[in-house]
Structures are given as C-alpha cells and as structure tokens.
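Breakdown of the fold
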Number of protein chains: 2
Amino acid sequence: MELNLVTRNKNKAEEFKHYLEPDITINHIDIEYREIRAETNETVAKEAARELANQLKKPVVVEDSGFFMDAYDGFPGVYTKTVFTKLGCRGLLKLLQGVENRTVKYKSVIAYCEPGDIPHLFAGEEEGTMAEEERGTLGWGEDSLFIPKENNPEQKTYGEMRQPGENLFRGRAIKRLREYLLSRNP
Amino acid sequence: MELNLVTRNKNKAEEFKHYLEPDITINHIDIEYREIRAETNETVAKEAARELANQLKKPVVVEDSGFFMDAYDGFPGVYTKTVFTKLGCRGLLKLLQGVENRTVKYKSVIAYCEPGDIPHLFAGEEEGTMAEEERGTLGWGEDSLFIPKENNPEQKTYGEMRQPGENLFRGRAIKRLREYLLSRNP
C-alpha cells in the first residue's frame, strides 16, 4: 500500500520511510498547507489532514509536533514552530539560563484522513532535558539542544545522534499509525 | 451616546472611560469571549468584535494589544497574552539578558462593530525599551518592564507611572475611535 505524506520537511519524510517501508510506500507530497491556530497539536494536525484529504481527493497523513518545557508551564507547546522561528536556540538557551528544571517533553501527533471521513490521530511522546549549549548539527530546529532520556547512555543531543529511527517521540507515533494501517489492510 | 466595551480587564475599561467620557458613556460588559488564533492583533480584534456584535445584538468594541521585541523579530506580538502567561516577567528578562537591542513596540488595535456590519479598526502604537529589572506595581502583565520613549523624562516603567491617560499606545487607538464615533454622531 501507499501513503500520501504532506510535509515540506525532507527529514520528516525520511523518518516515515524508515518506520513504514517496505510494507507501506511513502508518497512524499512536498507542498505548503494552511495550519489553523489551535490550543493543541492534535487540533492543528486533525484540521490540516481533513482539509488536505478533501483538497487532494486522496487519503493523507500530516504530522505536527512540539516541545513542552516544564519550567515554563509547557511553553512553547503548540506554538513551537512560530516561537522557534522567532527565538531560535539562542533565545531558548537564554530562557533556561540559571533555571534548575530543564526537563522537557516532546510530542508528535499524526493525523490520517480519508476524503470526507473524520481524521484518526496517533501520538508519541519522549522525555528529556535541554542542554546547556548547542551540540551537533544533525536534524533541525532545537534538535541541537534536546537530550533524550531513553536509550541515550552518552547523553547526546538529537543534533549529535539524529538518524531516522533514533527520534523516539515521532517514531512512536509512526509505529501506531503503522499498526492501524496494517490492521485495516493486512 | 453609549459604547459597549467587552473586556475582562477593569484597567482597560478605565482607560476607555478616561478618553471617552463624558461625551461617550462606557457600558463595560465583563464577559469572556472566544479569540481566534490569527497572525495579527487586527484579525483577532476584528473577528471577536464581529462575533460579539451578532451575539449580543448591539454595537460593541473590543481591544487587542501586544508588544513586539526588535531583538526577536517582533516576538511575542499577537501571541503576547499566551506567551506572557507562560513566561512571565522572569522569562522575558531572561530572553533579554545580555541583549543589546532592548527596543520594543507596543500596539493596540480596537475593533468597533455593529450587528451584521463589517468591523472598523483603530490602531495606536508606542515605542520604548525593556527595563533591566521589574519596577513598579501599577498596570498589569509586563508593564513593570516597559519604559516608554515619549513623555517620560524620568525613564519610568509603566508599572511606576501607569494611570489612565499615560498609556500612549492604547490612548492613541481610543482617540481615533473617539473621532470616528463623534463624527458619525456629532
């Protein structure tokens, strides 16, 4: 079977391929789409998938993710993309200067939708801490700051280790999508 | 004439009274209303006014404002309320630690709408800088950090000086609203 993934992000497409191929072939649709401003990543992903499925007249998948800093009541959460564009790693590091609690949660939400149907959601999470300085150049955004908690004995940042399959939060969401798709089309 | 101002904020109602009474009487409607997530304060105010006018079946005024830091490409702008709730003055001060350019612009947007009509917009702006530490307890939000540029020989923060009528950006927007209302109902 084939899956239509809408994203401008090549790395994201690679991650989906890593977890889904060869059973499910990724058709990467590299177009811009409208995102609504909502309170949660779930709503953003759901509404985008619904709109794109109807517009493209085929089943689509979109992904929306964010990180939630404990020291700032889950900021930036659903605003991650906008906030990162404005603040960058420089601003995030300043926000955490002298802050003891550097724990952070990452969340990925995938919405799968067929034209005229309601979207199905699959989420994955991962905990970690924010580094004291940028490390590594892999990945994108604030990957050079995020030190995942699990499977990370050397306390590397995503920027130092990020290969498809090492990103647990998105991987977990993709695996849940995979189970769903394969159970429907075994 | 009477003007229906919808806001949860008592201070805001006082500012409107300061500029508009006795010519225009403020009817303060203290209810919660839905705000859409948009890219600009203009859109937020416009859509809220349109919805409230139709819902309450009378002409209404709402105000939406934000501050825009030059060092961070206008952050937090339209996200001011949400961001301030999460970061507080503590977070804003951290963001500006060691940052040379502390200039900031404040903007107020007022939307006036009659039921079934399109909203009319009135804006006011004011420039200033962000203080190195909180000063004063008047006003709300990050008022204790904002040092307005104009009419401020002692370089006070809004938190140290804020009385109705000393807040230029909102005052400017209210004066424009006033001119409009009086020209229609002289």
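So, a few notes on the structure that sits alongside this text. (Residues numbered from 1 in each chain as written. Chains lettered and ligands numbered in written order. Predicted model: local features only at pLDDT ≥ 70, side-chain atom pairs only at ≥ 80, totals over all residues.)

Residues and elements named next belong to chain A. Of all 11 residues in strand E5 (residues 103–113), 9 are buried, a share of seventy percent or more. In the sheet, strand E3 (residues 60–69) pairs with E5 via 10 bridges, with the strands oriented antiparallel. Opposite Val-62, over in E5, you have Ala-111 as the bridge partner. The pairing of E5 with strand E6 (residues 120–130) spans 10 bridges and is antiparallel. When the sheet's bridge partners are listed, Val-109 is paired in E6 with Ala-123. Between E5 and E6, which pair antiparallel one after the other, the connecting turn spans 6 residues, and Gly-116 there sits at a positive phi close to 80°. (Buried ≥ 20, exposed ≤ 12 C-beta atoms within 10 Å, placed from the backbone. Helix = DSSP H or I, 4+ residues; strand = E, 2+ residues; numbered from the N terminus. Pairing = 2+ DSSP bridges.)

The omega torsion of the bond from A:Phe75 to A:Pro76 falls at 0°, within 30 degrees of zero and hence cis. Here A:Pro76 shows up in strand E4 (residues 75–76). Geometrically, the link from B:Glu21 to B:Pro22 is a cis peptide bond, its omega value of 5° lying close to zero. Mapped onto the secondary structure, B:Pro22 falls in the loop between helix H1 (10–20) and strand E2 (25–29). Residues other than glycine seldom take positive phi values, yet A:Asp73 does so here, at roughly 50°. Turning to its location among the elements, A:Asp73 is positioned in the loop between E3 and E4. Looking at A:Asp73, the number of C-beta atoms within 10 Å reads 12, which means it is exposed.

So, about the environment of A:Ile29. All names here are of chain A. Among the secondary structure elements, Ile-29 is positioned in strand E2 (residues 25–29). Ile-29 gets classed as partly exposed once you count the C-beta atoms within 10 Å, which come to 18. Ile-29 sits 32 residues away from Val-61 along the chain, and the two C-alpha atoms are 9.9 Å apart. The residues touching Ile-29, leaving out its near neighbours within four places in the chain, are Asn-4, Leu-5 and Val-6. (Contact = placed C-beta atoms within 7 Å.)

Note that all results are geometric; they support no functional claim without further evidence.
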